[in-house]
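Listed below are the residues making up each chain.
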Amino acid sequence: MNDVRDRSHRLNRVDGIARHGRLRRHRPFSTAAKVLAGAVAVALVSTASVAAIAAKQVTDDFGEGVRIQGQSAAPRPQQQAGPTLSAFEGGFTMLVVGTDNDPEQGTQYGERDATLNDVNILVHVSADHTNATAVSIPRDLVTPIPACAKPDGSGSTPARAAAPINDAWGEGGLNCVVQTVQGLTGLDVQYSAAVSFNGVIEMSNAIGGVPVCVASPIHDRYTGLDLPAGTTTLQGSQALEFLRTRHGVGDGSDLGRISSQQVFLSSLLRTVRANSTLTSPTTLYKLARAAASNMQLSESLNDPRTLVGMGRALQDLPLERVNFVQYPGTTGGTGVYEGKVQPTTELADELFARIKADESFSFGAGSTGIGSESAPANPSPADPTPGAPDPTASTPTAQPPAAQTPAASTPGTPAATVTPDAPATADTLDGLQGQSAAQQTCSKAFGS
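Basis of the calculations
- Residues numbered from 1 in each chain as written.
- Predicted model: local features only at pLDDT ≥ 70, side-chain atom pairs only at ≥ 80, totals over all residues.
- Heavy atoms only, no water.
- Helix = DSSP H or I, 4+ residues; strand = E, 2+ residues; numbered from the N terminus.
- Buried < 20%, exposed > 50% of the residue type's maximum accessible area, 1.4 Å probe, protein only.
- Contact = heavy atoms within 4.5 Å.
- Pairing = 2+ DSSP bridges.
- Axes fitted to C-alpha atoms, helices over the stretch in contact; angles between N-to-C directions.
- Core = buried A, V, L, I, M, F, W, Y, C linked by side-chain atoms within 4.5 Å.
- Expected span 1.5 Å × (residues − 1).
- Polar contact = N/O pair within 3.5 Å; in protein donor to acceptor, adjacent residues only side chain to side chain.
- Disulfide = S-S within 2.5 Å.
- Salt bridge = Lys/Arg side-chain N within 4 Å of Asp/Glu carboxyl O.
- Nonpolar A, V, L, I, M, F, W, Y, C, P; charged D, E, K, R; others polar.

Student: Would you take a moment to explain the overall build of the chain for this structure?
Tutor: Along its length, the chain carries 9 helices and 19 strands. A buried classification covers 60% of the 448 residues belonging to the chain. Look at the contacts in the chain between residues 6 or more apart in sequence, and 77% of them connect residues 24 or more apart.

Here is the structure:
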């Protein structure tokens, strides 16, 4: 039990909040990895017709696939012959992992001493393609890590009874992360991808930017992010800064950053659905190349036709039935959970039972999380709707909602804020933190 290392951050410390600081100083590598993982999680389930656009180049960018234990190589979706491909048939579950160590990126984001899977987003799409759920697993969530085959084939690593989930990559790469997530969630992960974060600038530029609502000004000296209140269309390095920022949003914790990033991801999905991304060959090609050049894919996913089938199956999925949710957990625990995130087992079991049964669900009141809140109900007619596509926006154009004080994290309680939302219904899962892609929200500045 003593193998869980103290990786608490020393800056902006708040008692009871899970921290992370494996390196002796601030690690922009681990924070920046968030952005591409989230973007790819959305992009992989919203891209169509890639194979009809220079598929040979995209395939070459993929490289060799990663062998996953217990998984056969390269299953293919049923598709029509020729350039027009049909939708992926049936449901699927895919894990998108963001790592903090890519040798090709050099030291431009800081020095590295190890590789961690700091981002773990599990995407499940129902068999009838009527709903989808993307679960963000906090990097400091403590869970068993099974024995994993070493990437070099020299044997297996020993199983660990309790460790932060972002240790899994160091135990056996992408394969070990998949095995760990399968054990944690009870879901069969058929597809997986590991992504670095250099491609975030390219991907955000290919999409044309993502409009993001900020409730009050965000200033983060660590990432260089400086955003005024209102709605700003983010792309390039500014999008990277936004999704890297932890000290600038919520309570300064990784949990706050997850909910803030869901503001971006929801708007990203709305943007690609509203603009010409899904119908523009040029945009699709740029997006596919940016993603493929920065991804390491499982053998089962190492074919652009698979991604095309996924995108075509989901291009008409109702946004209100696409949920971004944080894995249920609490802070303020003791023992192996001290300074980490302890799973809320009962709620997690209910969540994954719904997902496994392909059942849609809604969130209860106050679900948006520490780093975000509901957007204004009645924005000015002259202002763009917060979170709606607005390619021309580069300065704030929407009035922010009144700031709300985040609820303090206490032992045994979810680390989240309360923001009234839709009334509870029969399919509501109370206690979850997250939002639907249709819900327009704003990021909350640190301490607001």
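Once the structure has been displayed, the description carries forward.
Student: Explain the sheet that holds strand β10 (residues 230-234) to me, please; I cannot follow it from the model alone.
Tutor: Across a sheet, strands are paired by hydrogen bonds formed along the backbone, either parallel or antiparallel in direction. What the 4 strands build is an open sheet, ordered β10-β7-β19-β16; its pairing is mixed. The open sheet terminates on both sides in strands that have one partner only, identified here as β10 and β16 (372-374). Sheet twist, expressed as the mean angle between neighbouring strand axes with direction ignored, is 45 degrees. In this structure, β16 lies alongside strand β19 (residues 441-443), joined through 3 bridges in antiparallel fashion. If you follow Ser372 over to β19, its bridge partner there is Ser443.

Student: Explanation requested: the sheet that holds strand β18 (residues 433-436) in the structure shown.
Tutor: Ordered by their spatial adjacency, 7 strands build an open sheet running β11-β6-β1-β2-β3-β12-β18, and the pairing between neighbours is mixed. Edge positions in the sheet fall to β11 (295-297) and β18, since each has one partner strand and no second. Pairs of neighbouring strands in the sheet enclose a mean axial angle of 20 degrees, with direction left out of account. As judged from the 5 bridges shared by strand β3 (residues 132-136) and strand β12 (residues 322-326), these two strands associate in the parallel manner. Within β12, the residue paired with Ser136 across the bridge is Gln326. Docked against the sheet, helix α6 (residues 254-274) engages β3, β12 and β18, running at close to 170 degrees with respect to β12.

Student: Could you clarify how one ought to interpret the nonpolar core in this entry?
Tutor: If you look at soluble globular proteins, the nonpolar side chains tend to sit buried side by side. Ranked by size, the top nonpolar core spans 47 residues in total, and within it Val212, Ile218, Phe242, Phe264, Leu301 and Met310 carry the most contacts. Residue contributions to this core peak at 6 residues, all from α6. Those residues within four positions of Leu301 in sequence are excluded, and the remaining contacts are Met94, Tyr191, Ser192, Ala193, Thr306, Leu307 and Met310. Formed by 37 residues, the second largest nonpolar core is a distinct cluster that contains Val135, Ile145, Leu187 and Ala348.

Student: Help me understand α6, please; the structure alone is not making it clear to me.
Tutor: Each turn of an α-helix holds 3.6 residues, which means side chains three or four residues apart point in the same direction. Taking 1.5 Å as the rise per residue, α6 with 21 residues should run 30 Å; its terminal C-alpha atoms sit 30 Å apart, in good agreement. α6 sits mainly inside the fold: 19 of its 21 residues count as buried. Taking the backbone nitrogen of Leu255 as reference, a side-chain oxygen 3.3 Å away marks Ser253 as the first, capping residue of α6.

Student: Help me understand the pairing of β10, please; the structure alone is not making it clear to me.
Tutor: Remark: a regular strand shows side chains that alternate across the two faces of the sheet. Counting buried positions along β10 gives 5 out of 5 residues, so the element sits mostly inside the fold. Sheet topology note: the strand β7 (residues 210-214)/β10 ladder contains 5 bridges and is antiparallel. Following the sheet pairing, Val212 is matched in β10 by Thr232.

Student: Hey, could you run me through the state of the cysteines in this one?
Tutor: Applying the stated criterion to the full structure yields 2 disulfides. The disulfide that involves Cys148 links it to Cys176, with 2.1 Å between the sulfurs. One quick way to see it: the torsion about the S-S bond of Cys148 and Cys176 is about 65 degrees, and its sign makes the bridge right-handed. Residue Cys148 is located in the loop between β4 (142-145) and β5 (160-164), and its partner Cys176 is located in helix α3 (residues 168-185); the two are separated by 28 residues in the primary sequence. Residue Cys176 is classed as buried on the basis of its relative accessible area of 0%.

Student: Explain the side chain of Thr133 to me, please; I cannot follow it from the model alone.
Tutor: Note on placement: Thr133 falls in strand β3. The exposure class assigned to Thr133 is buried, which follows from its relative accessible area of 6%. Sequence-distant contacts of Thr133, that is, excluding residues within four places in its chain, are made with Leu122, Val123, His124, Asn323, Val325, Ile355 and Phe361.

Student: Can you walk me through the pattern of salt bridges in this structure?
Tutor: Side chains that differ in charge, positive against negative, can pair when their charged atoms come close. The final tally for this structure, using the stated rule, is 7 salt bridges. Between Asp254 and Arg257 there is a salt bridge whose closest N-O contact spans 3.0 Å. In this pair, Asp254 and Arg257 are both assigned in helix α6, 3 residues apart and thus about one turn of the helix distant. Overall, Asp254 belongs to the buried group, its relative accessible area being 5%. The class of Arg257 is buried, set by a relative accessible area of 0%. The structure contains a network of salt bridges with shared partners spanning Asp118, Arg139, Asp254 and Arg257.

Student: Sorry if this is basic, but what is going on with unusual backbone geometry here?
Tutor: Glycine aside, the phi torsion of most residues is negative, and most peptide linkages are trans. Of note in the backbone geometry, His129 takes a positive phi value of approximately 60 degrees without being a glycine. Judged by relative accessible area, which is 17%, His129 ranks as buried. In this model, Asp358 sits at a positive phi of 60 degrees, which is unusual for a non-glycine residue. Here Asp358 shows up in the loop between α9 (345-356) and β15 (362-363).

Student: Which parts of the structure should I look at to understand the pairing of β12?
Tutor: Among the 5 residues in β12, 5 count as buried, and that is most of the element. Neither face of β12 is open: one carries Val322, Phe324 and Gln326, the other Asn323 and Val325, and all of them are buried. Pairing of β12 with β18 involves 4 bridges; the strand directions are antiparallel. The residue of β18 that forms the bridge with Asn323 is Ser436.

Student: Would you mind showing me how to read the environment of Gln235 here?
Tutor: In this structure, Gln235 sits in the loop between β10 and α5 (237-244). Sequence separation between Gln235 and Ile201 is 34 residues; the distance between their C-alpha atoms is 6.7 Å.

Student: Please clarify how the packing of α5 against α6 should be interpreted in this entry.
Tutor: Packed helices, taken two at a time, are described by the angle their axes make and the gap between the axes. Where α5 contacts α6, the axes come no closer than 9 Å and their chain directions differ by 145 degrees. Residues Ala239, Phe242, Leu243 and Arg244 of α5 pack against Arg257, Ser260, Gln261 and Phe264 of α6. The residue makeup of the contact of α5 with α6, split by class, is 4 nonpolar, 2 polar and 2 charged.

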